Amino acid sequence: MSDATQPRERQLTGWHVLAIFVGAFGIIIGVNVYMAVNAVRTFPGLEVSSSYADSQDFDLRREAQEALGWVAEVELDAEAGILTLHLNDEAGRPVAPAELQALLTRPTNQEEDQQLTLTRNAGAFTAPVAISPGRWRLRLTGEARDGTAYRHNITFTVRN
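Residues numbered from 1 in each chain as written. Predicted model: local features only at pLDDT ≥ 70, side-chain atom pairs only at ≥ 80, totals over all residues. Heavy atoms only, no water.

### Considerations on the pattern of salt bridges
And then number 1: Tallying each qualifying case throughout the model produces five salt bridges.
And then number 2: The salt bridge involving glutamate 66 is made with arginine 62; its shortest N-O contact spans 3.6 Å. One end of the pair is glutamate 66 and the other is arginine 62, both in helix 3 (residues 58–68) and four residues apart, which spans about a single turn.
And then number 3: Judged by relative accessible area, which is 32%, arginine 62 ranks as partly exposed.
And then number 4: Salt bridges here are not isolated pairs; linked through shared partners, they connect Asp59, Arg62 and Glu66. (Salt bridge = Lys/Arg side-chain N within 4 Å of Asp/Glu carboxyl O. Helix = DSSP H or I, 4+ residues; strand = E, 2+ residues; numbered from the N terminus. Buried < 20%, exposed > 50% of the residue type's maximum accessible area, 1.4 Å probe, protein only.)

So, in structure tokens, the structure goes:
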């Protein structure tokens, strides 16, 4: 047999290895840049302006809030778009705080955040919401009638 009829063996040269190496790392770097840009764009990561300053009196605030004995629970009627917040004392009686704000957020994305307008309704608070399936957090901030600061987060999942 002559050399012309035999198939040529493919050789792995240095240029091939370089192309594979550059291509593989190019894909990895591209995906990392894409993920980092989307992470920063959707959630800046700021929870408090100074974690050190916030931590200085954390235990005192926590103890004062626990002494209130408030229990917060969320009910959601996603079809009607109504969120109901039950805020009760240890005996199960509805609580009427001096002030109360509610922010409905996604834990990883600020695009769907909603400042809720709470309305007192039969011992509970209700608010209209536009909510889709997934994980949500209700951030409650306010003040008791005795001046005690109140902060509470309730995380829940909305299923299809």
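### Some points on the environment of leucine 103
And then number 1: As for its placement among the helices and strands, leucine 103 is situated in strand 3 (residues 99–106).
And then number 2: Accessibility expressed as a relative area gives 26% for leucine 103, which makes it partly exposed.
And then number 3: Here the alpha-carbon distance between leucine 103 and proline 7, two residues 96 residues apart in the chain, equals 70 Å.
And then number 4: The residues contacting leucine 103, other than those within four sequence positions of it, are Asp113, Gln114, Gln115, Arg137, Leu138 and Arg139. (Contact = heavy atoms within 4.5 Å.)

### Re the sheet that holds strand 7 (residues 134–143)
And then number 1: Spatially, four strands are ordered 4-3-7-8 in an open sheet, and the strand pairing comes out antiparallel. Because the sheet does not close on itself, it has two edges, and the strands there are strand 4 (109–116) and strand 8 (149–158). Geometrically, the sheet is characterised by an average inter-axis angle of 20 degrees between neighbouring strands, direction not taken into account.
And then number 2: Two strands pair when backbone bridges link them, and strand 3 and strand 4 are joined in this way by four bridges, in the antiparallel orientation. What sits directly across from arginine 106, in strand 4, is asparagine 109. (Pairing = 2+ DSSP bridges. Axes fitted to C-alpha atoms, helices over the stretch in contact; angles between N-to-C directions.)

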